[in-house]
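Now for the letters of each chain:
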Amino acid sequence: MNLSVGGGRVEEALRMVDRQLSKGNFKLALSLLRHPSPPALFGFAAAKQVPRRVSSVEQLHLSVAETSTLHSLLDAILHSIQLSDLFTSGQDNDDIVQHKQVVQHEAGHFLVGYLLGVLPKHYTFSTMEDKTADAHVKFLGFEFLKELEDVALSNKNSHEIKAGHRARKRKLSSTVLSKFACVIVGGLVAEHLAFGNSKGHYGDVEKLNRVLNWQQLTEDEANNLTRWAVLNTLTILHRHTKASSKLAEALLHGRSIGNCIHVIEANLNHPV
């Protein structure tokens, strides 16, 4: 796929996206991705997803080899999530591998968000003494996380939810909640695909659990959504391992959001 045809239409479209993001015009940047002129982007919000009624790899009717591979990965990822509450932080002796996993983790969030139509608007990698101290990708449409943090802070300070915070609480749509669940598990799924394990998912699992509790899902509802999100995200990233790897390289080198999107578009498998 040649992304340079038509006078560099993709590059120009993504430069416009970067300009709007730099100005804080996030909704305009989103509109440029949704309706590029001329049409030039094929991956945004284009991921083929697992139907919500599907809960196992076997129901996907894949080849025997692919079913076996994805079944093992699904079990391992769900096991990692179950063990997350037992995690105690420790040092990794291989800082290079650790840093690579951090970058691949964030690439998983970024790629899943993009393919599901959630715009990554900013990302950060900070290091301290050659070790990753902080890494995150922020998305347009997940602003409710700030609201949740405010409620949690209020609970911590006053041991009760203030009336104003309760009034601001809103019910998330099933679409937003589903996308959030997939994006938040995208990091640990990407790590499992690339390294066979995950070391950076514990905060993500905690954040997902907080959101599901905040939305008052029952235990069964939360477990079913989490399982589906992992299965859906696993199938998406399994189809696009090259794009995930190339995106991680772009993030590591501090490329702009638009440039990262260009890397994704150039390395997607089709159909998406």
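What you are looking at is a predicted structure, and each value in this text was computed from that prediction instead of being measured.

## Some remarks on the overall build of the chain
Okay, step 1: Of the regular secondary structure elements, the chain holds 11 helices and 2 strands.
Okay, step 2: For the chain, the residues scored as buried account for 44% of the 272 residues in total.
Okay, step 3: Restricting the contact set of the chain to residue pairs at least 6 apart, pairs at least 24 apart contribute 74%.
Okay, step 4: Accessible area for the chain stands at about 14,400 Å²; split by element, carbon and sulfur atoms hold 51% of it.

## Structural notes on the confidence of the model for the chain
Okay, step 1: Per-residue pLDDT for the chain averages 86, and the proportion of residues at 70 or more is 82%.
Okay, step 2: The low-confidence segment residues 1-7, where pLDDT is below 50, has 9 contacts with residues more than four positions distant or belonging to other chains.
Okay, step 3: Long-range and interchain partners of residues 160-167, a stretch whose pLDDT sits below 50, account for 10 contacts in this model, where long-range means more than four residues apart.

## Things to note about the layout of surface pockets
Okay, step 1: Of the volumes computed, that of the second largest pocket is approximately 310 Å³.
Okay, step 2: Every residue lining the second largest pocket is counted, 16 residues in all, and those nearest its centre are Ile81, Asn209, Ala222, Asn223 and Thr226.
Okay, step 3: Of all the secondary-structure elements, those providing two or more residues to the lining of the second largest pocket are helix H3 (64-83), helix H8 (202-214) and helix H9 (219-239).
Okay, step 4: Top contributing element to the lining of the second largest pocket by residue count: H9, with 5 residues.

## Overview of the nonpolar core
Okay, step 1: Counting 77 residues, the largest nonpolar core has Leu33 and Phe110 as its most contacted members.
Okay, step 2: Here this core takes 10 residues from helix H7 (residues 174-195), the largest share from any one element.
Okay, step 3: In this structure, Phe110 is in contact with Pro120, Val137, Phe139, Leu247, Leu251, Ile257, Cys260, Ile261 and Ile264, ignoring residues within four places of it in sequence.

## Regarding the pattern of salt bridges
Okay, step 1: In this structure the tally under the stated criterion is 4 salt bridges.
Okay, step 2: Glu12 serves as the salt-bridge partner of Arg19, at 3.5 Å between the closest nitrogen and oxygen.
Okay, step 3: Judged by its relative accessible area of 32%, Glu12 is partly exposed.
Okay, step 4: In this structure, Glu143 and Lys121 form a salt bridge, with 3.3 Å as the shortest nitrogen-oxygen distance.

## A few points about helix H2 (residues 26-34)
Okay, step 1: Among the residues making up H2, those that are buried are Ala29, Leu30, Leu32 and Leu33. Projected onto a plane normal to the axis of H2, the buried residues spread over an arc of 155 degrees and lie on a single side. For H2, exposure combined with an orientation more than 90 degrees from the buried face picks out Lys27 and Arg34.

## Some words on helix H11 (residues 257-267)
Okay, step 1: H11 sits mainly inside the fold: 8 of its 11 residues count as buried.
Okay, step 2: When we look at burial in H11, the residues that qualify are Ile257, Gly258, Cys260, Ile261, Val263, Ile264, Glu265 and Asn267.

## Details of the packing of helix H10 (residues 241-252) against H11
Okay, step 1: The N-to-C vectors of H10 and H11 enclose an angle of 155 degrees; their axes lie 9 Å apart at closest approach. Considering the angle they form, H10 stands roughly antiparallel to H11. Handedness of the H10/H11 crossing: right-handed. Across the interface between the two elements, Lys242, Ala243, Lys246, Leu247, Ala250 and Leu251 of H10 pack against Cys260, Val263, Ile264 and Asn267 of H11.

## Brief notes about the packing of H3 against H7
Okay, step 1: Their axes nearest at 10 Å, the elements H3 and H7 cross at an angle of 130 degrees. One element, H3, and the other, H7, form an angle in the oblique class. Two packed elements cross with a definite hand, and for H3 against H7 that hand is right-handed. For the pair H3 and H7, contact is made by Leu73, Ala76, Ile77, Ser80 and Ile81 and by Leu188, Val189, His192 and Leu193, respectively.

What counts as what
Residues numbered from 1 in each chain as written. Predicted model: local features only at pLDDT ≥ 70, side-chain atom pairs only at ≥ 80, totals over all residues. Heavy atoms only, no water. Helix = DSSP H or I, 4+ residues; strand = E, 2+ residues; numbered from the N terminus. Buried < 20%, exposed > 50% of the residue type's maximum accessible area, 1.4 Å probe, protein only. Contact = heavy atoms within 4.5 Å. Areas by Shrake-Rupley, 256 points an atom, 1.4 Å probe, with all protein chains shown as cover. pLDDT = per-residue confidence, 0-100. 1 Å grid on protein atoms, 1.4 Å probe; cavity = no way out; pocket = protein on both sides within 12 Å on 5 of 7 lines; lining within 4 Å. Points joined across faces, edges and corners; volume = space filled by probe spheres on them. Core = buried A, V, L, I, M, F, W, Y, C linked by side-chain atoms within 4.5 Å. Salt bridge = Lys/Arg side-chain N within 4 Å of Asp/Glu carboxyl O. Arc of directions from axis to C-beta. Axes fitted to C-alpha atoms, helices over the stretch in contact; angles between N-to-C directions. Parallel < 35°, antiparallel > 145°, perpendicular 65-115°, else oblique. Left-handed = near helix turned anticlockwise from the far one by under 90°.

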